[in-house]
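Residues per chain, in single letters:
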Amino acid sequence: MRFLLDQRSYDDLLARKDHTDDCYMRPGQYLHHMYVDGVKYVVARALYDGIKEARANNDHEALRHLSMHKQHLDALVAEAQRNGTLNGARMLGSPVPVDADTPTSSNKFVPPLPLRVEETGLNRSFIQDLILRFIYSRSRAAGMEIANELCLYYSVIDPLLQELRAADFVDIAGQRGFGDTNYEYMLTPRGTQAAADAMTKTQYSGPAPVPFQDYLDSVKAQTIKNMVVTRRNIRRAFADLIISDPVLNEIGPAVNSASSIFLFGYPGNGKTSIAERITRLMGDHIYLPYAVEAGGQIIKLYDNIVHELAPDDGTDEQYDLRWARIKRPVVVVGGELTLPMLDLTYNAAAKFYEAPFQMKANGGIFLIDDFGRQQCRPMDLLNRWIVPLEKRYDYLTTVTGKKMEIPFDQLLIFSTNLDPNQLADDAFLRRIKFKIEVRDPDEAQWRQIWGFVCKSRKVELDQKGLDYLVDKWYTPFERPFRMCQPRDILDQMISIAKYNMEPATFSPDLLDAACATYFVSKEAKNFGAKVRLE
């Protein structure tokens, strides 16, 4: 803990009105903490005031809390006196941290570039089958085309091509330019048969797979646990979102835990937006193999739907091209999620596997949005996560029954507008480390959101129009404020204004028309039909 000793800090503490609940011993009582540039301090003079007040109130709980701070302060003062550094000191405690504006990590993993067949980790016949399948699909292919398709250097491909040619599987059909790399290869009758045999094993084509053990080592080296989020750098990720400090103070440690988060609360308050902005905290890049070879089986891992290639940083870094250099992955699933999607998906026609979502999310974030609305029972889905959340690894099973242990190295986020106690029992909630309730905004925050939305839509904000909106459409119905309402209502207003061939303003007519089609009357109505929601 750090302590501020000077009178000015004490005056600032008393003058500020933005203190969060954790600045007090309990909300609103015994103020003694203050945040300065994201760093938490104990203000010594306020601490003494609190101790004096707690004694007068005979408040033993508060006195115990404040006295522990005082013991720490006394130890620091004694140490400073011994070192001769107390006179004129404004602050005591550990040095003030200096960190960047963005989250940091220590990811130093780079897959080494293989220059020989032996360095790929694959056996020669496996790569030769890849070559035969590619030539078969193209009728004829140049050496450099084959190397580019397999994402291997030509120095790896060349000796294998010579072996295939010596075995009468391929022959040179022509040349597109100068050098060995431009020789065009075609299959001989023996090669055609060998390619047909290779396709009975698998019809996978593309970058050569990476050995399974290499993949496991890469996940460990690029673990999400290396991410460091602080009270300072989290602000940049959430700069465009109105969110209270207490919620941010819960989100930051949750990300640092690299474990699991349960976001819950009323719909429309930004749970999904919060989860999306957590993804901005995944600041660096990692390397992900396009495919993995495990026991002769190929698992396709890279997915251009959920993985985003990282921009070139201009370093000309040399690495194994069988690996994609991507931003830390962010995998988002919603109501479409089913239990089979969390297992290996076997393509019976092509004879290779597609990795499940949690395997694609390793090193990043796996967000299950609208949890509880999936096409399977919530308890079945929760039970699927018991072992991964507890042990940090998962088991996948091939069609032959062979089990594979894979790491579960990701931040798992559940987002729901249902009561967590109705979705999960205590045994499961214990395994979800952080439970964060996203509450309704107060009116001041709600009005602040209107300002952001109006600026983005280029509509002039009228505070009197908001007064009219609150008085007519909120207060009489005791309607709660929600984060999404300013955006939704303003978009309604803009659409209606276009229809009326008039500019979008905060006129009462436009506000009433927008709210009439946005809010649903609470009056019960019978339209002659019923629907079962169970």
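Up top is the structure.
First, a word on scope: everything that follows refers to the structure included in this document. (Residues numbered from 1 in each chain as written. Predicted model: local features only at pLDDT ≥ 70, side-chain atom pairs only at ≥ 80, totals over all residues. Heavy atoms only, no water.)

Moving on, we come to the overall build of the chain. When its secondary structure is counted, the chain shows 20 helices and 21 strands. For a compact globule of 534 residues, the expected C-alpha radius of gyration is about 24 Å, and the chain comes in at 31 Å, more than 25% above that figure. Considering only C-alpha atoms, the chain reaches an extent of 95 × 80 × 45 Å along its principal axes. Counting all 534 residues of the chain, 46% fall into the buried class. Contacts spanning at least 24 positions in sequence make up 71% of the contacts within the chain whose residues lie at least 6 apart. A total accessible area of about 27,600 Å² is found for the chain, and carbon and sulfur atoms account for 51% of it. (Helix = DSSP H or I, 4+ residues; strand = E, 2+ residues; numbered from the N terminus. Rg over C-alpha atoms; globule rule 2.2 N^0.38 Å. Buried < 20%, exposed > 50% of the residue type's maximum accessible area, 1.4 Å probe, protein only. Contact = heavy atoms within 4.5 Å. Areas by Shrake-Rupley, 256 points an atom, 1.4 Å probe, with all protein chains shown as cover.)

Time to look at the packing of helix 4 (residues 124-138) against helix 6 (residues 154-166). Where helix 4 contacts helix 6, the two axes come as close as 10 Å, and the packing angle between them is 80 degrees. The angle between helix 4 and helix 6 falls in the class roughly perpendicular. Together, Arg124, Ile127, Gln128, Ile131 and Leu132 of helix 4 and Ile157, Pro159, Leu160, Leu161, Glu163 and Leu164 of helix 6 make up the contact between the two elements. For the contact of helix 4 with helix 6, a count of residues per class yields 8 nonpolar, 1 polar and 2 charged. (Axes fitted to C-alpha atoms, helices over the stretch in contact; angles between N-to-C directions. Parallel < 35°, antiparallel > 145°, perpendicular 65-115°, else oblique. Nonpolar A, V, L, I, M, F, W, Y, C, P; charged D, E, K, R; others polar.)

A complete count under the given rule lists 22 aromatic pairs for this structure. Seen from their ring centres, phenylalanine 366 and tryptophan 385 are 5.7 Å apart, and the 75 degrees between their planes marks the pair as edge-to-face. Taken together, the residues span a long stretch of sequence, with phenylalanine 366 in strand 17 (residues 365-368) and tryptophan 385 in the loop between helix 13 (378-384) and helix 14 (386-391) at a distance of 19 residues. Tryptophan 385 carries the same exposure label as phenylalanine 366, and that label is buried. By way of ring pairs, the aromatic residues Trp446, Trp450, Trp473, Tyr474, Phe481, Phe506, Tyr518 and Phe519 are connected into one cluster. (Phe/Tyr/Trp six-rings, centres within 6.5 Å; stacked < 30°, edge-to-face > 60°.)

We now examine helix 18 (residues 463-473). Every buried residue of helix 18 is listed here: Gly465, Leu466, Leu469, Val470 and Trp473. Summarising the axial view, the buried residues of helix 18 lie within an arc of 140 degrees, below the 170-degree limit, and thus occupy one face. Looking at helix 18, the residues exposed on the side facing more than 90 degrees away from the buried face are Lys464 and Asp471. Buried residues belonging to helix 18 abut helix 17 (443-457) and helix 20 (508-518). A distance of 3.0 Å separates the backbone nitrogen of lysine 464 from a side-chain oxygen at the start of helix 18, and that oxygen is part of aspartate 462. (Arc of directions from axis to C-beta. Polar contact = N/O pair within 3.5 Å; in protein donor to acceptor, adjacent residues only side chain to side chain.)

The mixed open sheet is built from 4 strands, whose spatial order is 2-3-1-4. Of all the strands in the sheet, the pair left with one neighbour each is strand 2 (33-36) and strand 4 (91-92). Inspection of the sheet shows strand 2 paired to strand 3 (residues 39-43) by 4 bridges, in the antiparallel sense. Paired with histidine 33 across the two strands is valine 42, which belongs to strand 3. Helix 1 (residues 7-15) contacts strand 1 (2-4), strand 2 and strand 3 of the sheet and is inclined by roughly 95 degrees relative to strand 2. (Pairing = 2+ DSSP bridges.)

Further remarks concern the pattern of salt bridges. Scanning all chains against the criterion turns up 29 salt bridges. In this structure, arginine 124 and glutamate 118 form a salt bridge, with 3.2 Å as the shortest nitrogen-oxygen distance. Of the charged contacts, one joins aspartate 394 and arginine 384 as a salt bridge, the two residues approaching to 3.0 Å between their closest N and O atoms. You can see aspartate 394 sitting in strand 18 (residues 393-397) and its partner arginine 384 sitting in helix 13, a full 10 residues away along the chain. (Salt bridge = Lys/Arg side-chain N within 4 Å of Asp/Glu carboxyl O.)

Turning to the environment of phenylalanine 109, a few remarks are in order. By secondary structure assignment, the location of phenylalanine 109 is in the loop between strand 4 and helix 4. For the pair formed by phenylalanine 109 and alanine 275, sequence separation is 166 residues and the distance between their alpha carbons is 27 Å. Ignoring anything within four residues of it in the chain, the contact list for phenylalanine 109 reads Ser218, Ala221, Gln222, Tyr287 and Trp323.

Further remarks concern the pairing of strand 7 (residues 183-187). The pairing of strand 5 (residues 140-142) with strand 7 spans 3 bridges and is classified as antiparallel. Bridge pairing in strand 7 places alanine 142 opposite glutamate 184. Sheet analysis places strand 6 (residues 170-175) next to strand 7, joined by 5 bridges and oriented antiparallel. Bridging across to strand 7, valine 170 finds its partner in leucine 187.

Moving on: the environment of isoleucine 368. With respect to the secondary-structure elements, isoleucine 368 resides in strand 17. Residue class for isoleucine 368 comes out buried when judged on its relative accessible area of 0%. Linking isoleucine 368 and valine 331, residues 37 residues apart in sequence, is a C-alpha distance of 8.5 Å. With residues up to four places along the chain from it excluded, the contact list for isoleucine 368 reads Val333, Leu337, Gln374, Trp385, Leu412, Ile413, Phe414 and Ser415.

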